[in-house]
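# Results of the structural survey
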Amino acid sequence: MSHPLDLTDPLAAKKQAFSIPEGTIYLDGNSLGVLPRHVPERIQAVVTREWGESLIRGWNDHGWMDLPARVGNRIARLVGAEPDSVIAADSTSLNVFKVLVAALALRPDRKVILSDSGNFPTDLYMAQGLRDLLDRGHELRVVDPAEVEAAIGEDIAVVMLTHVDYRTGRRYDMKAIAEKTHAVGAISFWDLAHSAGAFQVHLAADGADFAVGCGYKYLNGGPGAPAFLYAAPRHHGTLAAPLTGWMGHDAPFAFDLDYRPARGVDRMRVGTPPILGLSALDAALDVFDDVDMEQLRAKSVSLCELFLSEVEARCPQLELAGPRNPDERGSQISFRFEQGYALMQALIARGVIGDFRAPDIVRFGFTPLYLSHADVLRAVAILEEILRDRLWDREEYKRRQKVT
Ligand SMILES: *Cc1c(COP(=O)(O)O)cnc(C)c1O
């Protein structure tokens, strides 16, 4: 059965571009995106033709060496970055480390990295490890998300924030934060894990200095897909690369004994690029080629608003964890429920896949390219039934697995 809003949805046909298992309503594209249908064919060709037949010639003949920059430029459009300011490389965690080192080097007289207690742990862990490694008296200052703006002062070197909170979906006003950050002479660094591909980001227009993000969430690059890293062009001349591998060298195949950084953001590359992973991400990005990101955002808001209003009307057991105003959130809706883990397991057993984040958050991501309003209503009907009949209250749903 279709929902009236699906009949006028300009993105409705996009669902056909994805391979979604029968009977599954997938509300976890913010954790691992769905497989675009044409990706297996592309990977098959890269493996059998490019690798299998071209062998070492593939680096030149198939442009493997430029893949980090090419894929980076495709992501640049989605995040509002200037051309040649994004590379696809490494993992988000590693890129956080690389950016933090480069950002701290731009403010040698300052010692404080400011972040918030809603940030994703790996970002905080990487900052803690770097602080200890540098051993030069740096401080990681972690404040409540609501206190961040007030905490941006003259002693801050870097403001490191995740744009959309992974638990609650709360979204920062990038422009306002970056302005305040620059007003005190600090560096504005954003993690776009839950932003890139979920809505149009405006890194350049909003004045961000650096950004990182995941390839496997809304960008659908596949499990463990390469991440991306952005550095504003105004920093390219002075960017200090902390991991000085040969792929970030100005002339890797000169085999010089001494390191000399490549020009621009390329110097943030480290080692040999993972061609299979990059090819999958490259192919996955095809689905965005003809997408109007404003339409994508409008549909995301429409799906989220429908889900929220239906859940609040039919599932009084759940408490909204996150902003009510769509302008203040990303593309996810989260609720608190004491038995959240068991509830999510019961949902998954019935084909509605979201995820759980400790201690008590059930999280639903909305990916406008492959979800319909009818999907949303079906998911709410299943959720309502599970809560009403306490179907989550079974031992098998309470046994924790390694990945939640
Ligand atoms: C998912 C996520 C990460 C993941 O980092 P990896 O290095 O890919 O494991 C980092 N930061 C945020 C905000 C995330 O949501």
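Residues numbered from 1 in each chain as written. Predicted model: local features only at pLDDT ≥ 70, side-chain atom pairs only at ≥ 80, totals over all residues. Heavy atoms only, no water.

### Re the UniProt feature "binding site: pyridoxal 5'-phosphate" (unreviewed entry) in the chain
The feature "binding site: pyridoxal 5'-phosphate" (unreviewed entry), as annotated in UniProt, sits at Thr92, Ser93, Phe120, Pro121, Thr122, Asp123, Thr162, Asp191, His194, Tyr216, Trp246 and Thr272 in this numbering. A maximum C-alpha distance of 30.9 Å is found for the annotated residues, which run over 181 residues; spatially they are spread out rather than grouped. In this fold, Thr122 is placed in helix α6 (residues 121-134). Within the secondary structure, His194 is located in the loop between β6 (187-191) and α9 (203-206). Note on His194: relative accessible area 3%, which makes it buried. Aside from chain neighbours lying at most four places away, what touches His194 is Asn30, Val164, Tyr166, Phe199, Lys217, Tyr218, Gln332 and Arg363. (UniProt positions renumbered as here; feature names shortened; annotations may be inferred. Helix = DSSP H or I, 4+ residues; strand = E, 2+ residues; numbered from the N terminus. Buried < 20%, exposed > 50% of the residue type's maximum accessible area, 1.4 Å probe, protein only. Contact = heavy atoms within 4.5 Å.)

### Some details on the site of the ligand
The environment of the ligand is made up of 13 residues, and the closest members are Ser93, Asp191, His194, Tyr216 and Lys217. Within the contact set of the ligand, an oxygen atom lies 2.6 Å away from a side-chain nitrogen or oxygen of Ser93. Between the ligand and Lys217, the relevant distance is 2.7 Å, taken from an oxygen atom to a side-chain nitrogen or oxygen of the residue. Protein burial of the ligand: of its 390 Å² of free accessible surface, 86% is covered by the chains. Elements supplying a minimum of two residues to the shell around the ligand: α5 (92-106) and α6. (Near = heavy atom within 4 Å. Polar contact = N/O pair within 3.5 Å; in protein donor to acceptor, adjacent residues only side chain to side chain. Areas by Shrake-Rupley, 256 points an atom, 1.4 Å probe, with all protein chains shown as cover.)

### Structural notes on the layout of surface pockets
By volume, the largest pocket is sized at about 290 Å³. Considering the residues around the largest pocket, the lining is formed by 19 residues, among which His163, Arg171, Tyr172, Asp173 and Met174 are closest to the centre. Elements supplying a minimum of two residues to the lining of the largest pocket: α7 (148-151) and α8 (174-183). Of the residues forming the lining of the largest pocket, the biggest block, three residues, is contributed by α8. Looking at the lining of the largest pocket residue by residue, the classes come out as eight nonpolar, three polar and eight charged. (1 Å grid on protein atoms, 1.4 Å probe; cavity = no way out; pocket = protein on both sides within 12 Å on 5 of 7 lines; lining within 4 Å. Points joined across faces, edges and corners; volume = space filled by probe spheres on them. Nonpolar A, V, L, I, M, F, W, Y, C, P; charged D, E, K, R; others polar.)

### A few points about unusual backbone geometry
Of the consecutive residues Ala358 and Pro359, the connecting peptide bond is found in the cis state with omega at 5°. Along the chain, the position of Pro359 falls in the loop between β12 (355-357) and β13 (361-365).

### What about helix α2 (residues 39-54)?
The largest bend in α2 amounts to roughly 25° and is located at Val46. What α2 keeps buried is the set Val39, Ala45, Val46, Glu50 and Ser54. The inward-facing, buried residues of α2 contact α3 (58-61) and α10 (275-284). Taken from the residues just after α2, Leu55 is the one with a positive phi, measuring 50°. (Bend = angle between axes of the 7 residues up to and from the residue.)

### Observations concerning the UniProt feature "modified residue: N6-(pyridoxal phosphate)lysine" (unreviewed entry) in the chain
When the UniProt feature table is mapped to this numbering, "modified residue: N6-(pyridoxal phosphate)lysine" (unreviewed entry) covers Lys217. The residue Lys217 is located in the loop between β7 (210-213) and β8 (228-231) in this model. According to the relative accessible area criterion, Lys217 is buried, its value standing at 8%. Setting aside anything within four residues of it in sequence, one finds Lys217 in contact with Gly29, Asn30, Ser31, Leu32, Gly33, Ala193 and His194.

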